[in-house]
Amino acid sequence: MPELPEVETVKRTLKQYLVGRKIIDIKINYDKIIKYDNKRFIDNLVNQTFNDIDRYGKYLIFKFNDYSLISHLRMEGKYFLQNDLKHLTKHDHIIFSLDNNQYLTYHDVRKFGTMELTKKGQEFRLDSLKKLGPEINNPNIDLSKVYNSIKHSNRSIKAILLDQTVITGLGNIYVDETLFKAKIHPETNMNELSFERFKSIIFSAQKVVEKAIKLGGTTIRSYQSSMGVDGRFQNELNVHTLVGKECSVCNSIIKKIRVAGRGTYFCPNCQKKESL
Ligand SMILES: [Zn+2]
């Protein structure tokens, strides 16, 4: 599943090719991806020019003259730029024809991705965006505000970091890597963490995400970023997916358990449960 660093890579890649291009036609082969009336979607976007591409958490925000298109790739959504339509498959659901004779195609094997159109400037009024917490890689994140809103929670730190309404942008891979870096057991309850400890976890998360963005994200299973850019961060993973392997720090054997409903990898020696 693409997480923030992968979506950031997709954004940067698409931005290079799309800014300044005008949409001249749209073909929709599978309309459930579009949370909007199909006809209005086409009518509103045809003749619009890509002015910018932004990202908030795992949402891509394509900005046009009058509208913004909010796209979430979910499990396996991908964008491709193509010179012709010879290689279209049944998984290419939406085809944007551009004014330079290229096509932007949206490909999604699982069909869980979404596209939502809104008037420019109204993006954060959409239900999907308005409930999201501050972005993990925002250097100005107000950590005491975040901490105060969750410090009494008896949910695990893993569940808290996965909760996009608390902080947005961390998914399963990066939460496991963050907790390893911060030396925190994933089942530690939020209400057992001091502000200082919580801050150090967030700083670890920011470092993990920053490095992943630099390396273009992670390619796990079928996820590949746009245009065949492969993430190299998977070579840097310390625990995620590495069950049975030796910890790079202490040589203990990495374990897999279930926390917050997700497969969770950790080093039982580096990430000991703290007794209070
Ligand atoms: Zn270890």
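Explain the overall build of the protein chain to me, please; I cannot follow it from the model alone.
Along the backbone of the protein chain there are seven helices and ten strands. For the protein chain, the C-alpha radius of gyration of 20 Å lies close to 19 Å, the compact-globule estimate for 276 residues. Projecting the C-alpha coordinates of the protein chain onto the three principal axes gives extents of approximately 60 × 35 × 30 Å.

What is the right way to read the domain arrangement of the protein chain from this model?
Often, the extent of an interface is quoted as the loss of accessible area on bringing the components together. Parsing the protein chain into structural domains produces domain 1 (4-129) and domain 2 (143-266). Centre-to-centre, using C-alpha coordinates, domain 1 lies 29 Å away from domain 2.

For this particular structure, what's the right way to read the pairing of strand 9 (residues 255-259)?
In the case of a regular strand, side chains alternate between the two sheet surfaces. Across five bridges, strand 9 lies against strand 10 (residues 262-266) in antiparallel orientation. Opposite Lys256, over in strand 10, you have Tyr265 as the bridge partner. The antiparallel hairpin formed by strand 9 and strand 10 contains two residues in its connecting segment, where Ala260 sits at a positive phi of about 55°.

What's the story with the sheet that holds strand 8 (residues 114-119) in this structure? I'm lost.
Either a parallel or an antiparallel arrangement is found when strands of a sheet pair, and the pairing is made through backbone hydrogen bonds. Across the sheet, four strands lie side by side as 2-3-4-8; this open sheet has antiparallel pairing. Looking at which strands have only one partner, the edges of the open sheet turn out to be strand 2 (52-56) and strand 8. Direction aside, the axes of adjacent strands within the sheet are offset by 25° on average. Pairing analysis gives five bridges linking strand 2 to strand 3 (residues 59-63), with the strands arranged antiparallel.

Would you take a moment to explain unusual backbone geometry for this structure?
Residues other than glycine predominantly adopt negative phi, and peptide bonds predominantly adopt the trans conformation. A positive phi angle, close to 70°, is found at Asn101, a residue other than glycine. Among the secondary structure elements, Asn101 is positioned in the loop between strand 6 (92-98) and strand 7 (103-107). Given 9 C-beta atoms within 10 Å, Asn101 falls into the exposed group. With a phi close to 55°, Ala260 is a non-glycine residue in the positive phi region. Mapping Ala260 onto the fold places it in the loop between strand 9 and strand 10. Using a count of 18 C-beta atoms within 10 Å as the deciding quantity, one classes Ala260 as partly exposed.

Would you mind showing me how to read the sheet that holds strand 6 here?
Taken in spatial order, the four strands line up as 1-6-7-5 in an open sheet, and their pairing is antiparallel. Only two strands of the sheet have a single neighbouring strand rather than two, namely strand 1 (23-28) and strand 5 (78-82). This sheet shows a mean twist of 20° between the axes of neighbouring strands, independent of strand direction.

Hey, could you run me through the packing of helix 4 (residues 143-150) against helix 7 (residues 195-214) in this one?
Two quantities define a packed helix pair, namely the angle between the helix axes and the distance between the axes. At their nearest, the axes of helix 4 and helix 7 sit 11 Å apart, and the two run at 120° to each other. The hand of the helix 4/helix 7 crossing is right-handed. Between helix 4 and helix 7, the contacting residues are Leu143, Ser144 and Tyr147 on the first element and Phe195, Phe198, Lys199 and Ile202 on the second. Residues that form the contact of helix 4 with helix 7 fall into these classes: five nonpolar, one polar and one charged.

Looking at this structure, how should I read helix 6 (residues 172-181)?
Given 3.6 residues to a turn, an α-helix orients residues that are three or four positions apart in the same direction. When you tally the buried positions in helix 6, you get nine out of ten residues, the bulk of the element. Within the span of helix 6, buried status applies to Asn172, Ile173, Tyr174, Val175, Asp176, Glu177, Thr178, Leu179 and Phe180. Summarising the contacts, the buried residues of helix 6 are in contact with helix 5 (157-162), helix 7 and strand 10. Just past helix 6, the residue Lys183 takes up positive phi, approximately 55°.

Sorry, what's going on with the environment of Val249 here?
The residue Val249 is located in the loop between helix 7 and strand 9 in this model. Classification of Val249 by C-beta neighbours within 10 Å gives exposed; the count is 12. Measuring from C-alpha to C-alpha, the distance between Val249 and Asn238 comes to 9.0 Å, with eleven residues separating the pair along the chain.

Would you mind showing me how to read the packing of helix 1 (residues 4-18) against helix 7 here?
In contact at an axis separation of 9 Å, helix 1 and helix 7 are set at 35° when each is read in the N-to-C sense. As for how helix 1 packs across helix 7, the hand of that crossing is right-handed. Two secondary-structure elements touch here, helix 1 through Leu4, Pro5 and Glu8 and helix 7 through Val209, Ala212 and Ile213. Here the contact of helix 1 with helix 7 is composed, by residue class, of five nonpolar, no polar and one charged.

Parameters at a glance
The numbering scheme is per chain: residues are counted from 1 as the chain's sequence reads. Since the coordinates come from a predicted model, pLDDT governs what is reported: local features require at least 70, and pairs of side-chain atoms require 80 or more to be given and counted, while whole-chain, interface and lining totals use all residues. Under the scheme used here, helices are H or I runs from DSSP no shorter than 4 residues and strands are E runs no shorter than 2 residues, and both carry numbers assigned from the N terminus. This radius of gyration counts C-alpha atoms alone. The globule rule is 2.2 Å times how many residues there are, raised to the power 0.38. Throughout the structure description, domain borders are defined by an automatic or database domain assignment. At least two bridges found by DSSP between two strands is the condition for calling them paired. Axes, fitted as lines to C-alpha atoms, cover a helix only where it is in contact. Angles between the N-to-C directions of the axes lie from 0 to 180 degrees. With C-beta atoms placed from the backbone, a residue is buried if 20 or more other C-beta atoms are within 10 Å of its own, exposed if 12 or fewer are, and partly exposed between those counts. For any pair of crossing helices, the crossing counts as left-handed if the nearer helix is rotated counterclockwise from the farther one by less than a right angle, and right-handed if it is rotated clockwise. By definition, residues are in contact whenever their C-beta atoms, placed on the basis of the backbone, come within 7 Å of each other. Gly is placed with the polar residues, together with every amino acid not listed as nonpolar (Ala, Val, Leu, Ile, Met, Phe, Trp, Tyr, Cys and Pro) or charged (Asp, Glu, Lys and Arg).

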